[in-house]
Structures are given as structure tokens and as C-alpha cells.
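The primary structure of each chain is shown beneath.
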Amino acid sequence: MATRAGRVVYPLYQLGGPQLRIFRPNFYMLAVRPGVPQPEDTVQFRVSMEMTKIDIKNYLEKIYNVPVAAVRTRIQYGANNKRNHKNQRVKKPDYKVAYVQLGQGQTFQFPNLFPEKEQDEETRSFEDYKDKYLAREKQREKGDPRRGGVPDWFGL
Amino acid sequence: MAASRGWRVLWHGRCWFSQTQSTVSAEPSDSLYPPIVASATAQSKAAKRRRLEHFHQRVHAAASIEEKLRLYRKLQRPKYMVYPQTLALNADRWYRSFTKTVFVPGLPTNVALAAGEAQASIASEPAKALEGAAEVAPGDTKASQPGTAAPEAARTPEPAVGAEPYLDMGELRSLVCDALLQENFYQKKKRPFLYRDQEHTPGPFLTQLVSTLAAYLSNCNPLLAASSFDLNPEVNYYWHHGEEVVVHGHRKGRVDPVRFQIDDHPHLQIRVPKQLPEIVQLESDLGDVPVIDHKPSKLPLFKKQYENKVFIGSKVADPCCYGHTQFHLFPDKLKRERFIKLRLEDQIEVVYRANGIASLFAWTAAQAMYQGFWNEADVTRPFVSQAVVTDGKYFAFFCYQLNTLALTVETIKNNPRKNICWGTDSKPLYDVVEDGHVKGFNDEVLLMLVRFLLNRPKEL
């Protein structure tokens with residue numbers, strides 16, 4: 001492993017020699033929830049712009065042991081319409097989307113990452129009490145409804 | 001769009017106040033006032049329905065079939081291009097849902113019974129001929145030897161058969177081996193072009209095989225004698241199935257039918273003047289049609305706008321307007337080795353099935369349109385066709401019965417009929433051709449091919 005001070009010197013690698021270094025790709029793949037419904041065997045990823053379909057297939061098969069039947073990619077253009085306070089256009093970055101069809105009949109459903117928590121009786125009643133208290137405070141701030149929104153310092 | 005604007009102008013130009021037949025006729029005929037119907041030009045659902053009704057009546061009242069087809073194909077919009085020979089995974093399931101087809105593995109018994117006399121006549125000698133040909137074929141280069149050796153052995157059971165035309169298995173086998181050896185061994189060919197192997201050797205072999213077999217069997221089957229043989233024809237069909245909401249463009253938000261178009265180029269095609277007999281009844285239910293919730297573009301399938309074509313291989317006036325058999329050859333992209341290398345062995349059979357279902361649906365449906373049926377006027381008799389899908393060595397056989405053309409949203413609601421496709425797995429015809437002999441010849445495949453070619457209506 002490379003140290004901060006100096007670099008370790010590895011012997012030159014020739015075919016058949018000992019493999020002393022492991023090369024891992026510097027790519028990252030992000031599995032995302034599809035915007036439109038996809039078939040059951042299709043997984044949607046955001047990948048680096050430099051990755052190719054063959055790269056994606058090898059990445060998933062060799063590192064994660066996921067059987068890949070087919071990969072299709074497209075590049076999503078990020079819009080350049082928003083303006084900042086100096087009226088300069090601000091671009092949203094482009095990214096590549098990969099649709100991976102799994103092999104061997106496997107299916108994938110993107111999980112629900114924010115499920116509804118099961119609340120017990122105490123927490124529920126406390127939540128209700130808190131909501132009611134906040135509603136009462138808001139009502140008090142508004143003032144007497146009969147005055148029609150006029151502040152209370154206004155008058156004789 | 002010019003097409004719809006032109007149609008609108010036509011609508012306004014026509015005097016439709018008194019002449020058009022209205023759908024809602026609640027008024028009695030002696031009323032002073034015209035019948036109360038929905039507007040024809042408003043942007044309402046009732047108006048859209050009325051325009052559709054008017055279009056249907058125009059097609060129903062068309063004078064000739066060419067006029068009907070012209071009106072049916074007139075409006076051009078972006079449509080999905082369905083390719084029968086495709087690399088997409090599990091394409092046969094998607095194609096079955098687009099065409100409302102049930103797939104039944106194995107061939108129907110009718111096809112076996114239609115050539116039952118041929119089966120009976122050759123039943124006694126297959127064992128003998130197999131041994132005889134197996135010994136003779138590897139030994140000799142000339143195919144005339146098996147041809148002469150087998151008929152002597154085969155002629156003995158002939159008196160038992162009776163008046164049925166006799167089929168000589170040895171002769172047929174020799175014809176096939178002739179064609180194979182001619183293309184693979186005798187003819188000196190240069191190296192095939194890159195990714196064009198299939199049109200170098202298996203293509204000409206298939207053409208030669210089918211033409212010689214058809215010519216040989218035409219004395220048994222008079223339908224073949226009156227048939228028309230197409231080389232590399234074009235078969236097209238255009239249909240609507242399902243509904244979707246338009247996503248982009250000036251028509252965004254409108255509900256449109258989903259349009260499909262098949263443009264197929266079979267390698268060979270046999271068209272006949274008489275319809276093949278039906279295999280099962282029109283209303284039979286042999287299975288389920290898969291339901292696909294997603295948009296067809298997820299297959300992947302792509303949209304394009306171009307001419308809507310409905311064509312069987314010849315124009316409407318041709319007397320050979322019914323289909324008999326199609327022969328499809330796979331391109332290099334769909335080779336078996338490629339699937340095995342990518343570890344997608346289960347997709348090999350899927351490719352054959354998808355090709356069979358899509359091509360046969362397009363052909364039978366186009367034949368039905370040539371007889372004047374369309375999705376509002378559903379077929380009254382089933383249309384039957386056959387297909388052989390091959391990549392030069394492996395053969396798969398398919399039979400298709402078209403029971404319904406009504407696949408649009410309104411017509412599919414109360415339609416219990418389904419189209420049915422029977423098909424086999426792919427089997428090799430031979431193992432290898434080397435040094436002038438054909439090794440491992442498979443008689444079953446030849447028998448099924450012969451059965452297919454001998455299929456004919458019962459009255460002939």
C-alpha cells in the first residue's frame with residue numbers, strides 16, 4: 001500500500017508472475033428508483049460518464065456477482081436554464097443512466113427507504129397533544145377573530 | 001399535422017348535415033327536426049367518439065378492399081416498430097401480449113393427420129432406409145447411391161398402401177443432402193464477408209432445399225402446384241393495441257391508441273389460392289395471454305413515423321392471396337454461439353418463438369385484411385399459416401391460427417377470442433458436413449418439413 005512519505009516499489013508485473021497489487025476501478029454506480037415503472041428484471045443505475053456497457057456488465061458480475069443479461073445506457077443532459085443572483089446560467093450536471101436487465105430470471109424491486117414507523121400508544125398521544133398545543137398557540141397569535149385581522153394595539 | 005388538418009378540411013367541406021348517418025337516433029323518422037347528435041368538431045369525448053364512428057362508417061362503406069386499406073392506413077403517427085428477429089430479452093412474451101396470442105408448445109395433431117397418408121406410406125420403411133442410408137451416405141460422396149439403394153428396399157411395401165401417392169424417404173433425403181453438399185462442399189466459395197455468414201451458405205441452401213422439395217412434392221399436393229413462390233418478399237402489418245397518454249409535443253396529454261408496425265422480410269414464402277383448414281375452432285381457449293403493464297418502450301421498442309403498410313407479399317388482386325408457409329433465416333446477430341458465450345442459453349428458444357409469433361401474426365392478419373376484415377369487422381373464419389424458422393442447421397416449426405383482429409381498446413373489451421400459435425423447439429437437421437458426407441442426419445426434421453409442405457385443405 002502506498003504510504004504518505006514515499007511510494008512502495010513493486011516489481012514489474014509480467015504474465016505469469018505473482019500478482020502483488022489489486023486494481024479496483026475508480027467508478028461508482030448508484031442504484032436509483034426509476035421515475036417511470038420498469039419491468040421486474042430491470043434495475044436503474046446512475047453511473048460515471050466514462051463507463052461503457054461492457055464496463056457496467058463486468059463491474060456487476062465480477063465485484064457483486066450479479067448475473068447481467070443486457071445493459072442499455074443513455075446520457076441525461078442537465079438543464080442550463082436556472083440563473084443565479086448574477087443572472088449567469090447555472091448548469092445542472094449531466095449524468096449517465098444505465099438500465100441493467102438481470103439474468104437467470106432474477107427480479108428487483110427498488111425498496112421503500114422511508115417506511116411509515118409503527119408508533120406506540122404513548123408516542124401517538126404525545127404527538128396528538130403536541131399538535132393541539134401548536135394549533136392553540138397559532139390561534140392565540142392570530143388574535144380575536146371578531147376584530148377581522150386588525151391588531152390589538154389599534155383602537156381608542 | 002397536415003394529415004389531420006386535411007381530414008378536418010374534408011369534414012367541413014362535406015355537407016354532413018343531412019347525409020351523414022348519425023349514431024344517436026332517438027327521434028322518430030316523421031319528426032320535423034334533425035336528430036340530436038353530439039357535435040362533430042367540439043373538443044369533447046362525445047365529439048371524438050362521433051368522429052371515430054364516422055371514420056368507421058367510411059371504412060365499412062368503402063367500395064373496394066384497396067380503398068379500405070387506404071383509409072385504414074391514412075393517418076400517420078409515431079408508432080412502435082416491432083421486429084420479429086430481435087435481440088431483446090423475453091421478446092416472445094411481449095409479442096404475445098401485443099398480438100393477443102396464446103403459445104402452445106408442440107405441433108397440433110391436424111398437421112400430422114393431414115399428411116397421414118404420407119406417414120402410412122413411409123412408416124414401414126424408415127427403419128430400413130435409415131440403416132441403409134446411414135451406411136451408404138458416409139461411405140460415398142455421390143448422393144445418387146442412396147437414392148438408388150433405398151427405393152429398391154422401399155418399393156416393397158407400396159402395394160399395401162393403395163391409391164395414395166407414395167413418398168420416398170430416401171429420395172427426399174438424397175435431395176436434401178444434395179443441396180447441403182452442393183453449398184458446403186462442392187461449390188468453391190470465397191471467405192464470407194464479415195458478419196454475413198448466413199447469406200453466404202445457409203441462405204442459398206435453404207432456397208435450394210425448399211424449391212426442390214416443393215417441386216418434388218407438388219404431385220402429391222396439388223395446392224403446391226398452384227402456389228406462388230416468393231424469394232425475399234416483404235410482409236407488413238399495422239395495428240392498434242391498448243392506449244397511452246402522449247408525453248411530449250403539441251399533442252401532449254391526449255389519449256392515443258398505441259400503434260405497432262411489423263416490417264418483415266422472410267427468406268422464402270409460399271402463397272396459395274386456397275385457405276389452409278382451421279386447426280381448432282374460432283372460439284377455443286387454449287391458454288392465457290400474458291399481460292404487460294409497462295409501456296412497450298421498456299422492451300426496448302422504439303417509435304418512428306413512416307408509411308403504414310399492410311402487405312402479404314403480393315397486391316390485393318393476386319389470386320394466391322392466402323398464405324401457406326414462410327421460411328425465415330436468422331442473421332448473424334442471432335447466432336447460437338453468441339448466446340452461449342453470453343450465458344443466455346434460455347434466450348435461444350425465445351428468439352425462435354418471437355420470430356414465429358410476430359411474422360405469422362403479421363402475415364395472417366394482412367391476409368385477413370386483404371379479405372376485407374379489420375378490427376371493427378372481425379374475422380368470421382380463422383386464417384391459418386405455417387412457418388419454419390432456421391439458422392441453417394437448427395429448424396423450428398410454427399403454426400398460427402388467427403381468430404381475431406380486434407385488438408383496439410373498444411373492440412378487445414368483449415372479445416373472448418385469442419390467436420393461437422403452436423411451435424416446437426429448434427432441432428438440428430444434421431450434425432456436421434465434412435469430406436463430402438452429411439453426418440448425423442435427422443429424419444424427424446425432414447419429416448416435419450415434408451408434413452408442412454403437404455398440408456392442404458381437405459377438399460383437395
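Residues numbered from 1 in each chain as written. Chains lettered and ligands numbered in written order. Predicted model: local features only at pLDDT ≥ 70, side-chain atom pairs only at ≥ 80, totals over all residues. Heavy atoms only, no water.

What follows deals with the overall build of chain A. On a plain count of helices and strands, chain A comes out with two helices and six strands. Each helix (α) and strand (β) of chain A, taken in turn from the N terminus, gives the series β-β-α-β-β-β-β-α. Computed over the C-alpha atoms, the radius of gyration of chain A is 29 Å, more than 25% above the 15 Å expected from 2.2 N^0.38 for a compact globule of 156 residues. Referenced to the eigenvectors of the C-alpha coordinate spread, the extents of chain A come out at roughly 100 × 45 × 40 Å. Out of the 156 residues in chain A, the part that is buried amounts to 21%. Excluding contacts between residues fewer than 6 apart, the proportion of contacts in chain A whose partners are at least 24 apart in sequence is 51%. Accessible surface, chain A as shown: approximately 13,700 Å² in total, 55% of it carbon and sulfur. Taken together, the 28 basic and 18 acidic charged side chains of chain A have centroids lying 13 Å from each other. (Helix = DSSP H or I, 4+ residues; strand = E, 2+ residues; numbered from the N terminus. Rg over C-alpha atoms; globule rule 2.2 N^0.38 Å. Buried < 20%, exposed > 50% of the residue type's maximum accessible area, 1.4 Å probe, protein only. Contact = heavy atoms within 4.5 Å. Areas by Shrake-Rupley, 256 points an atom, 1.4 Å probe, with all protein chains shown as cover. Lys, Arg positive; Asp, Glu negative; His and termini not counted. Charge placed at Lys NZ, Arg CZ, Asp CG, Glu CD.)

Time to look at the overall build of chain B. When helices and strands are counted, chain B shows 16 helices and 14 strands. Per-residue burial for chain B yields a buried fraction of 50% across its 460 residues. Here the analysis covers contacts within chain B between residues at least 6 apart in sequence; of these, 79% occur between residues at least 24 apart.

With that settled, consider the confidence of the model for chain A. Interpretation of the predicted coordinates at a detailed level should be avoided for regions scoring low in pLDDT. The predicted model of chain A has a mean per-residue pLDDT of 90, with 97% of residues at 70 or higher. For chain A, helix H2 (residues 121-142) of chain A is the element with the lowest average pLDDT, namely 91, and strand S6 (residues 95-102) of chain A is the one with the highest, namely 97. (pLDDT = per-residue confidence, 0-100.)

Tyr95, Tyr237, Trp239, Phe327 and Leu402 of chain B are the most contacted members of the largest nonpolar core, which totals 109 residues. Considering every element that reaches this core, the biggest residue donor is helix H15 (residues 346-370) of chain B, with 15 residues. Not counting residues up to four positions away in its chain, the partners in contact with tryptophan 239 of chain B are Tyr72, Val82, Phe98, Thr99, Val258, Arg259, Phe260, Gln261, Ile262, Phe361 and Leu407 of chain B. Listed in part, the 13 residues of the second largest apolar core include Met29, Phe45, Ala98 and Leu102 of chain A. (Core = buried A, V, L, I, M, F, W, Y, C linked by side-chain atoms within 4.5 Å.)

Another aspect to go through is the layout of surface pockets. One simple way to see leftover space: roll a probe sized like a water molecule over the atoms. In this model, the second largest pocket occupies a volume close to 920 Å³. If you go around the second largest pocket, you meet 29 residues; those closest to its centre are Tyr80, Val247, His248, Lys295 and Ser297 of chain B. Counting residues per element, the ones that place at least two in the lining of the second largest pocket are strand S3 (68-76) of chain A together with strand S4 (235-245) and strand S5 (255-264) of chain B. Broken down by element, the residue count for the lining of the second largest pocket peaks at three residues, all from S3 of chain A. (1 Å grid on protein atoms, 1.4 Å probe; cavity = no way out; pocket = protein on both sides within 12 Å on 5 of 7 lines; lining within 4 Å. Points joined across faces, edges and corners; volume = space filled by probe spheres on them.)

The α-helix winds at 3.6 residues per turn, so residues separated by three or four positions along the chain end up facing the same way. The end-to-end C-alpha separation of H2 of chain A is 32 Å, in line with the 32 Å expected for 22 residues at 1.5 Å each. Positioned one or two residues after H2 of chain A, glycine 143 of chain A has a phi angle of 95 degrees, which is positive. (Expected span 1.5 Å × (residues − 1).)

All names here are of chain B. The element S5 is extensively covered by neighbouring structure, given that seven of its 10 residues are classed as buried. Relative to S5, strand S1 (residues 79-82) runs parallel, the two sharing three bridges. By the bridge assignment, valine 82 is partnered in S5 with isoleucine 262. Here S4 runs beside S5; their pairing, made up of nine bridges, is antiparallel. Counterpart to tyrosine 238 in the pairing with S5 is glutamine 261. (Pairing = 2+ DSSP bridges.)

Right, let's get into the sheet that holds strand S1 (residues 29-32) of chain A. All names here are of chain A. Taken in spatial order, the four strands line up as S1-S2-S6-S3 in an open sheet, and their pairing is antiparallel. Two strands in the sheet have a free side with no partner beyond their single neighbour: S1 and S3. Strand-to-strand twist across the sheet, computed as the mean angle between neighbouring axes with direction ignored, equals 30 degrees. Relative to S6, S3 is paired through eight bridges, and the arrangement is antiparallel. When the bridges of S6 are listed, arginine 72 appears paired with tyrosine 99. The strands that helix H1 (residues 53-64) touches are S1, strand S2 (42-47), S3 and S6; relative to S3, the one it contacts most, it runs at about 130 degrees. (Axes fitted to C-alpha atoms, helices over the stretch in contact; angles between N-to-C directions.)

Put simply, an interface is often sized by how much accessible area is lost when its parts join up. With 10 residues of chain B at the contact, the number on the chain A side is 12 residues. Both faces considered, chain B and chain A share a buried interface measuring about 870 Å² in area, 52% of it formed by carbon and sulfur atoms. Scanning the region where chain B abuts chain A turns up one salt bridge. The partner of glutamate 61 of chain A in a salt bridge is arginine 343 of chain B, and the shortest N-O contact between them spans 3.8 Å. Linking chain B with chain A are one residue pair in polar contact (both at pLDDT 80 or more), by the criterion used here. Residues of the side of chain B that touches chain A, tallied by class, amount to six nonpolar, two polar and two charged. (Buried area = accessible area lost by both parts, 1.4 Å probe. Salt bridge = Lys/Arg side-chain N within 4 Å of Asp/Glu carboxyl O. Polar contact = N/O pair within 3.5 Å; in protein donor to acceptor, adjacent residues only side chain to side chain. Nonpolar A, V, L, I, M, F, W, Y, C, P; charged D, E, K, R; others polar.)

With that out of the way, let us pick up the pattern of salt bridges. By the definition in use, this model includes 23 salt bridges over all chains. Residue aspartate 92 of chain B pairs with arginine 353 of chain B through a salt bridge whose shortest N-O separation is 2.7 Å. With aspartate 92 of chain B in helix H5 (residues 91-99) and arginine 353 of chain B in helix H15, this residue pair connects regions lying 261 residues apart in the sequence. Among the residues examined, aspartate 92 of chain B registers a relative accessible area of 5% and is labelled buried. Within this structure, Lys57 and Glu61 of chain A together with Arg343 of chain B form a network of salt bridges that share partners.

Below, the discussion takes up the environment of phenylalanine 452 of chain B. If you trace the backbone, phenylalanine 452 of chain B turns up in helix H16 (residues 443-454). By relative accessible area, phenylalanine 452 of chain B is classed as buried at 1%.

All names here are of chain B. In space, the four strands of this open sheet follow the order S4-S5-S1-S7, with mixed pairing throughout. Two strands close off the open sheet at either side, each with one partner strand: S4 and strand S7 (303-304). Along the sheet face, H5 touches S1, S4 and S5 and points at about 85 degrees away from the line of S4.

Here we come to the environment of glutamate 118 of chain A. All names here are of chain A. By secondary structure assignment, the location of glutamate 118 is in the loop between S6 and H2. The exposure class of glutamate 118 is exposed, given its relative accessible area of 75%. Each C-alpha atom of the pair glutamate 118 and asparagine 81 lies 43 Å from the other, and the pair is 37 residues apart in sequence.

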